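An overview of the molecular structure
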Amino acid sequence: MTASFVPAYPDRPAAIAPVWRSLFNEHSRNAIAGWSQAAFSEWHTRRVVLGTVVHIPRHPDAVERVLLTNAAHYEKPRLVKRVVAPLLGRGLVSSDGELWRTQRKLVAPSFAPGAIIRLTGLIAEAAERSGATLPLAGAVNVAALATATTMRIIAEALFSGDPRLMTDEASRQIEAALLAAGKVRVMALLGMPHVRLTPSARAGGRAQRWLRDTLGAIVRERGPEGGDDFIGGMIRALHERFPADEAVELAIDNAATFYVAGHETTANALAWSAYLLAGDPAVQDRARAEAVAALDGPVENLADRLPYLRQVLDEAMRLYPPAPRFEREAMADDALNGVAIRRGDIVSIWPWLIHRHQRLWDNADAFDPDRFAPGADAQRHRFQYLPFGGGPRVCVGARFATVEALIILAHWLAARRFALVEGAVVDPLGSVTLRPRGGLMLAVTPA
Ligand code: HEM
């Protein structure tokens, strides 16, 4: 198939702005804005930002070295940990060393293939309800619908459907907390003090406290026995390994980690997938035919019967990686593709740049699910496509997210036809996650 749909992306100026200017221009509000075309064809950028050296490697060999072969020498940056601490504490995303290993081992069984199969019924029910809420005709904000759906699923799958975690209020607080965290992280990486100067930063601080308090109440109400679900198992296991106060803190840290990381990213993957399907009716028709046939069978392996839709999802996460960048700090001197890395340097991995790199992908900005056709991965470096990261810190929820996104998309496609809304602006906004600014309106009609 020849790819014809080139979906929205920010303008690319002739050159990247000097560091001082990028503190105040559109790049400071939108992490994926302001990159020049050259950033998508060069292999390495080294910038000195107020005394901190920041490397942005794009060569997959360099990425593989940071995330896998020399992963022991790269940790989550201390600055980033400080920034996320008010919300995520020392939970799985923001810990290193022995504490990280203990927590990873503790949660891994809950995300193993067998455990995900047991969740498919619950996911399918929520997906069907979500498809049924789509209007028969008219415009719909698929980003908002995606968030409501994945929020319900994470609350049901991990927290026994605690109603406090399924409200519009919770959704608004998460959006505010993530936007602010994205900005504060940039400031912190640039050596700026951790003060909340702007109204959005102050709203972010309030949102973090709201989320922490809500999850804190849930964890404390349950007591050391925890209860019979994911978060209950986590509480019990932490009490077996840590003193009571620390166990409670770590339980809240992980409740926040899994609540936020467990649905916001998947919601973005869904919204971008729907947008791309709307932009390419032929791909959409093929995916719908597959979905309708697949829905007529057992739910346990429904996702396995959606190989073409999986190609669409993979391509959506290439063009719009829900986590557009993530960082490491070098714990020892190293070299990446011939560039010297000093202890203390920040290495910033950017799926946003790598997934659209001109030397890694043909027609890189165009939507083409055939890139992920069976066998095509043999042509790729395994570290040139990393929506879920890679190496030992690879996303623990990758399978959960993939199965969930496929089931929801199948239900949406079976329920409605999606089209672009003429004149509607689609504006990708990069912060901690990559979301459509102001939502994503699509036109729907009966399937
Ligand atoms: C499409 C959806 C998702 C995307 C694109 C995504 C992306 C990522 C990425 C890139 C990382 C690695 C970050 C790094 O190396 O610094 C990560 C880690 C993580 N993700 Fe996801 N994620 C998704 C869904 C989920 C879900 C559904 C959950 C849980 C239910 C989850 C929980 C986590 C956790 C706990 C980590 C930290 C793992 C560790 O450090 O050991 N994610 N995710």
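Residues numbered from 1 in each chain as written. Predicted model: local features only at pLDDT ≥ 70, side-chain atom pairs only at ≥ 80, totals over all residues. Heavy atoms only, no water.

By the naming in an unreviewed UniProt entry, the protein chain goes by Cytochrome P450 and is assigned to Sphingomonas rustica. Recorded in UniProt for the protein chain, the comment headed Cofactor (unreviewed entry) runs: "heme". (UniProt positions renumbered as here; feature names shortened; annotations may be inferred.)

**Quick notes on the overall build of the protein chain**
The secondary structure content of the protein chain amounts to 16 helices and 12 strands. Scaling as 2.2 N^0.38, a compact globule of 447 residues should have a C-alpha radius of gyration of about 22 Å, and the protein chain matches this with 21 Å. A buried classification covers 55% of the 447 residues belonging to the protein chain. Considering only contacts within the protein chain whose residues lie at least 6 apart along the sequence, 75% involve residues at least 24 apart. Accessible area for the protein chain stands at about 18,300 Å²; split by element, carbon and sulfur atoms hold 56% of it. For the protein chain, the separation between the mean place of its 51 positive charges and that of its 47 negative charges on side chains is 5 Å. (Helix = DSSP H or I, 4+ residues; strand = E, 2+ residues; numbered from the N terminus. Rg over C-alpha atoms; globule rule 2.2 N^0.38 Å. Buried < 20%, exposed > 50% of the residue type's maximum accessible area, 1.4 Å probe, protein only. Contact = heavy atoms within 4.5 Å. Areas by Shrake-Rupley, 256 points an atom, 1.4 Å probe, with all protein chains shown as cover. Lys, Arg positive; Asp, Glu negative; His and termini not counted. Charge placed at Lys NZ, Arg CZ, Asp CG, Glu CD.)

**Considering the sheet that holds strand 12 (residues 441-446)**
Spatially, the 3 strands line up as an open sheet ordered 4-12-9, and their pairing is antiparallel. Since the sheet does not close on itself, it has two edges, and those belong to strand 4 (138-141) and strand 9 (416-420), each with one partner. With strand direction ignored, the average angle separating the axes of adjacent strands in the sheet is 45°. With 5 bridges connecting them, strand 9 and strand 12 associate as antiparallel partners. Pairing of Phe 418 across the sheet is with Val 444, part of strand 12. Packing of helix 12 (residues 264-279) onto the sheet brings it into contact with strand 9 and strand 12, and relative to strand 9 it is tilted by some 80°. Relative to the sheet, helix 16 (residues 398-415) contacts strand 9 and strand 12, its axis offset from that of strand 9 by approximately 90°. (Pairing = 2+ DSSP bridges. Axes fitted to C-alpha atoms, helices over the stretch in contact; angles between N-to-C directions.)

**Describing the environment of Arg 371**
You can see Arg 371 is positioned in the loop between helix 15 (351-354) and helix 16. Residue classification places Arg 371 among the buried residues on the basis of a relative accessible area of 13%. As a C-alpha pair, Arg 371 and His 59 span 312 residues in sequence and 19 Å in three-dimensional space. Not counting residues within four places of it along the chain, the set of residues in contact with Arg 371 comprises Glu 315, Arg 318, Trp 361, Asp 362, Asn 363, Ala 364, Ala 366, Ala 376 and Arg 380. Of note is the side chain of Arg 371, whose polar atom sits 3.0 Å from the side chain of Glu 315. Side-chain polar atoms of Arg 371 contact the backbone oxygen of Ala 366, separated by 2.8 Å. (Polar contact = N/O pair within 3.5 Å; in protein donor to acceptor, adjacent residues only side chain to side chain.)

**A look at the site of the ligand**
Around the ligand sit 26 residues, and of these Trp 100, Arg 104, Arg 328, Arg 393 and Cys 395 come closest. Between Arg 104 and the ligand, the recorded distance is 2.7 Å, taken from a side-chain N or O atom to an oxygen atom. When residues of the shell around the ligand are traced back to their parent elements, those giving at least two are helix 5 (97-107), helix 11 (244-261), helix 12, strand 5 (326-330) and helix 16. Looking at the shell around the ligand residue by residue, the class counts come to 17 nonpolar, 5 polar and 4 charged. (Near = heavy atom within 4 Å. Nonpolar A, V, L, I, M, F, W, Y, C, P; charged D, E, K, R; others polar.)

**Here we look at helix 11**
When the terminal C-alpha atoms of helix 11 are compared, their 25 Å separation across 18 residues agrees well with the 26 Å that a helix rising 1.5 Å per residue should span. With respect to burial, helix 11 is a largely interior element, 13 of its 18 residues being buried. (Expected span 1.5 Å × (residues − 1).)

**Structural notes on the coordination of the iron atom of the ligand**
Looking at the protein side alone, the iron atom of the ligand has one donor only, Cys 395 (SG), at 2.3 Å. On the secondary structure map, Cys 395 appears in the loop between helix 15 and helix 16. (Donors = N, O, S within 2.8 Å, 3.2 Å for Na, K, Ca; no water.)

**Regarding the pattern of salt bridges**
Under the definition given, this model contains 29 salt bridges. Between Arg 90 and Glu 246 there is a salt bridge, with the nearest N and O atoms lying 3.0 Å from each other. Here Glu 246 lies in helix 11 and Arg 90 lies in the loop between helix 4 (78-88) and helix 5, a separation of 156 residues in the sequence. Take Arg 90: its relative accessible area is 39%, and that puts it in the partly exposed class. For Glu 246, a relative accessible area of 26% translates into the label partly exposed. Beyond isolated ion pairs, a larger network of salt bridges with shared partners links Arg 212, Arg 220, Glu 249 and Asp 253. (Salt bridge = Lys/Arg side-chain N within 4 Å of Asp/Glu carboxyl O.)

**A short note on the sheet that holds strand 3 (residues 74-75)**
Within the open sheet, the 5 strands sit side by side as 1-2-8-5-3. Their pairing is mixed. Two strands lie at the open edges of the sheet, namely strand 1 (44-49) and strand 3, each paired on one side alone. Pairing of strand 1 with strand 2 (residues 52-57), which is carried by 6 bridges, proceeds in the antiparallel orientation. The residue of strand 2 that forms the bridge with Val 49 is Thr 52.

**As for the nonpolar core**
Grouped together as the largest cluster of nonpolar side chains are 131 residues, with contacts concentrated most on Tyr 259 and Trp 412. No other element matches helix 7 (residues 142-159), which puts 11 residues into this core. Those residues in contact with Trp 412 that sit more than four places away from it in its chain are Ser 130, Gly 131, Leu 134, Val 142, Leu 145, Ala 146, Leu 270, Ala 274 and Phe 418. (Core = buried A, V, L, I, M, F, W, Y, C linked by side-chain atoms within 4.5 Å.)

**Some points on helix 9 (residues 199-222)**
A rise of 1.5 Å per residue sets the reference length of helix 9, with its 24 residues, at 34 Å; its end C-alpha atoms lie 35 Å apart and thus fit the reference within 8%. Positive phi shows up at Gly 223, right after helix 9, with a value of about 70°.

**Describing the packing of helix 4 against helix 9**
Packing of helix 4 against helix 9 leaves a shortest axis separation of 8 Å and a crossing angle of 45°. Here helix 4 is positioned oblique relative to helix 9, judged by the angle of their axes. In this structure, helix 4 contributes Pro 86, Leu 87 and Leu 88 to the contact, and helix 9 contributes Gln 208, Leu 211 and Arg 212. Grouping the amino acids of the contact of helix 4 with helix 9 by side-chain chemistry returns 4 nonpolar, 1 polar and 1 charged. (Parallel < 35°, antiparallel > 145°, perpendicular 65-115°, else oblique.)

**Some thoughts on unusual backbone geometry**
Positive phi values are uncommon outside glycine, yet Ser 160 reaches one of about 50°. Looking at the secondary structure, you find Ser 160 in the loop between helix 7 and helix 8 (168-189). Positive phi, normally seen in glycine, also occurs at Asn 363, with a value near 45°. Relative to the elements of secondary structure, Asn 363 occurs in the loop between helix 15 and helix 16.

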